[in-house]
Structures are given as C-alpha cells and as structure tokens.
Amino acid sequence: FFVDHEAEEHWRLDDTLKPHWTLDSLCRDLEALGFSIVHRSHTTGPWERLAFELSHIIHKRSRIAFALLVPLLKGLAMIDTLHLDKRVGDGMLVLVKRTSS
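Residues numbered from 1 in each chain as written. Predicted model: local features only at pLDDT ≥ 70, side-chain atom pairs only at ≥ 80, totals over all residues. Heavy atoms only, no water.

Caption draft 1: Quick look at the layout of surface pockets. Of the pockets and cavities examined, the second largest pocket occupies roughly 220 Å³. Forming the walls of the second largest pocket are ten residues, and the residues nearest its centre are A51, F52, S55, L73 and K74. Looking at the lining of the second largest pocket, the elements that each hand over two or more residues are α3 (46–61) and α4 (63–78). Among the elements that take part in the lining of the second largest pocket, α4 stands out by supplying five residues, more than any other. Classifying every residue of the lining of the second largest pocket by side-chain character gives seven nonpolar, one polar and two charged. (1 Å grid on protein atoms, 1.4 Å probe; cavity = no way out; pocket = protein on both sides within 12 Å on 5 of 7 lines; lining within 4 Å. Points joined across faces, edges and corners; volume = space filled by probe spheres on them. Helix = DSSP H or I, 4+ residues; strand = E, 2+ residues; numbered from the N terminus. Nonpolar A, V, L, I, M, F, W, Y, C, P; charged D, E, K, R; others polar.)

Caption draft 2: Structural context of the environment of L82. Examined against the element boundaries, L82 turns out to sit in the loop between α4 and β2 (92–98). Sequence-wise, L82 and G45 are 37 residues apart; in three dimensions their C-alpha atoms are separated by 9.9 Å.

Caption draft 3: A look at the pattern of salt bridges. Tallying each qualifying case throughout the model produces two salt bridges. D24 serves as the salt-bridge partner of R40, at 2.4 Å between the closest nitrogen and oxygen. Highlighted residues: R40 in strand β1 (residues 35–42) and D24 in helix α2 (residues 23–32), separated in sequence by 16 residues. Between R49 and E53 there is a salt bridge, with the nearest N and O atoms lying 2.3 Å from each other. Highlighted residues: R49 and E53, both in helix α3, separated by four residues, approximately one helical turn. (Salt bridge = Lys/Arg side-chain N within 4 Å of Asp/Glu carboxyl O.)

None of this, on its own, says anything about what the molecule does.
Pasting the structure below:
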C-alpha cells in the first residue's frame, strides 16, 4: 500500500490524454479510426483533482500523515459525485464499439 512504484519515479508530465485531446476531439479521432461511440463522459471534476494532487504531495512528505488523511482526501474526492459539471476535471471515459467493415 505504501510502496513506491518505479513508474512514479519515471512519470512524464505529458503522459496523459488531457493535454492532447478534449473529449470531443478524442471521440472524433476514434470515430475516424472506425469506432462508434457507445458512451462518453467526463469522470472527474475539480474536487477529485484537488484530492489527487494533495494525496501525492502529502504522500511524498509523510506517509504517516498520508495514512491519517486518506479518509479526508477520499471525502474530498467524493464531493465530485455531487458536482454536475465535470468539464474542468481530468478524467474522460469513452466506451467504443468497433464498427464492422
């Protein structure tokens, strides 16, 4: 649970979809590749992003503080379930189906 992973040491800041695609542009590109979009949505909003960033900062500084603050951070992330406009968050969910050719 508290083990550092090698991937964290080699994490690239541009190793996510968000800097390269919006939800609309990602769906357009997937459709151009022959997929049909079954479902699309943003999955996280600003509160979950804040909880994620704080958890990484706290974890690097003190694992004990991290362990004690996990319930608070999870609660902060859960606020996003009440936040309807998730366009400012980070997560994108796209369920696709390969169209027959």
